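So you can see what is in the structure, the chains are spelled out below.
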Amino acid sequence: MRSGYGKIFDIPAYAATFPGRGLPTFLAYIAVPAEFFGGIALILGVATRYVVLVMIIFMLVATLSSHRYWEFTDMAVRRAQDSSFYKNLAMLGGFLFLFVAGAGRFSVDAWLRRQR
């Protein structure tokens, strides 16, 4: 959510960086709301498993398009991209765990289940 917050107010500027990553510009208009509102939904526990699936797709595309550390020769840049790449892989592991476990006891999903 924090990362998406900075982008949501200027999506066109963020979209301008997509061609350099080999992505079509229109994907920014899907990625930024998914990143921001998906983060909010996960914090609140709203439609958790569905949101996690969207976030997994987002994270895979972001990781493989933006953090290709193996393409950099400058060691400082390579190290930074390497860290981001593996950080994103760790987050993917967390998303997979959240998909399996589902929302917690204090989530909107749990509250809605109790209301039925």
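This section reports on the structure supplied with the text.

Cut-off values and rules
- Residues numbered from 1 in each chain as written.
- Predicted model: local features only at pLDDT ≥ 70, side-chain atom pairs only at ≥ 80, totals over all residues.
- Heavy atoms only, no water.
- Helix = DSSP H or I, 4+ residues; strand = E, 2+ residues; numbered from the N terminus.
- Contact = heavy atoms within 4.5 Å.
- Areas by Shrake-Rupley, 256 points an atom, 1.4 Å probe, with all protein chains shown as cover.
- Lys, Arg positive; Asp, Glu negative; His and termini not counted.
- Charge placed at Lys NZ, Arg CZ, Asp CG, Glu CD.
- Core = buried A, V, L, I, M, F, W, Y, C linked by side-chain atoms within 4.5 Å.
- Buried < 20%, exposed > 50% of the residue type's maximum accessible area, 1.4 Å probe, protein only.
- Axes fitted to C-alpha atoms, helices over the stretch in contact; angles between N-to-C directions.
- Parallel < 35°, antiparallel > 145°, perpendicular 65-115°, else oblique.
- Left-handed = near helix turned anticlockwise from the far one by under 90°.
- Nonpolar A, V, L, I, M, F, W, Y, C, P; charged D, E, K, R; others polar.
- Salt bridge = Lys/Arg side-chain N within 4 Å of Asp/Glu carboxyl O.

## Observations regarding the overall build of the protein
On a plain count of helices and strands, the protein comes out with 6 helices and 0 strands. Counting from the amino terminus, helix and strand elements in the protein follow one another as α-α-α-α-α-α. In terms of overall dimensions, the protein has C-alpha extents of about 55 × 30 × 20 Å along its principal axes. Within the protein, residue pairs in contact and separated by at least 24 positions form 53% of the contacts whose partners lie at least 6 positions apart. A total accessible area of about 7,500 Å² is found for the protein, and carbon and sulfur atoms account for 68% of it. For the protein, the distance from the average site of its 12 positive side-chain charges to the average site of its 6 negative ones is 11 Å.

## Overview of the nonpolar core
The biggest cluster of nonpolar side chains holds 10 residues, and these are I11, Y14, A15, F18, L23, A28, A31, V32, F58 and A62. Looking at this core, the elements with two or more residues in it are α2 (11-15), α3 (28-44) and α4 (48-66). Filtering out sequence-adjacent residues up to four positions away, L23 remains in contact with F18, V61 and S65.

## Here we look at the packing of α4 against helix α5 (residues 75-101)
Relative to each other, α4 and α5 sit at 165°, their axes nearing to 9 Å. On the basis of their axis angle, the class for α4 and α5 is roughly antiparallel. By crossing handedness, the relation of α4 to α5 is classed as left-handed. Side by side, α4 and α5 meet where T48, R49, V52, L53, M55, I56, M59, L60, T63, L64 and S66 of the first sit next to Q81, F85, N88, M91, L92, F95, L96, L98, F99, V100 and A101 of the second. Its residues assigned to classes, the contact of α4 with α5 comprises 16 nonpolar, 5 polar and 1 charged.

## Overview of the environment of T73
Along the chain, the position of T73 falls in the loop between α4 and α5. Under the relative-accessibility criterion, T73 is labelled exposed at 76%. Each C-alpha atom, one on T73 and one on L96, is 32 Å from the other, the two residues being 23 residues apart in sequence.

## Topic: unusual backbone geometry
One non-glycine residue, A47, lies in positive phi territory at about 50°. Tracing the chain through its elements places A47 in the loop between α3 and α4. By relative accessible area, which is 33% here, A47 ends up partly exposed.

## Some words on the packing of α3 against α4
Taken N-terminus to C-terminus, the directions of α3 and α4 make an angle of 140°; their axes are 10 Å apart at the nearest point. Here α3 runs over α4; the crossing is left-handed. From α3, A31, A34, E35, G38, G39, A41 and L42 reach across to α4, where they touch T48, V51, V52, V54, M55 and F58. Looking at the contact of α3 with α4 residue by residue, the class counts come to 9 nonpolar, 3 polar and 1 charged.

## Some points on the pattern of salt bridges
Pairing between side chains of opposite charge can happen when the charged atoms of each approach one another. Under the defined criterion, the tally for this structure stands at 2 salt bridges. Across the pair E35 and K7 runs a salt bridge whose closest N-O atoms are separated by 3.1 Å. Of this pair, E35 sits in helix α3 while K7 is found in helix α1 (residues 2-8), placing the two residues 28 residues apart along the sequence. Since its relative accessible area comes to 17%, K7 is described here as buried. Of the charged contacts, one joins R68 and E71 as a salt bridge, the two residues approaching to 3.3 Å between their closest N and O atoms. According to the relative accessible area criterion, R68 is partly exposed, its value standing at 22%.

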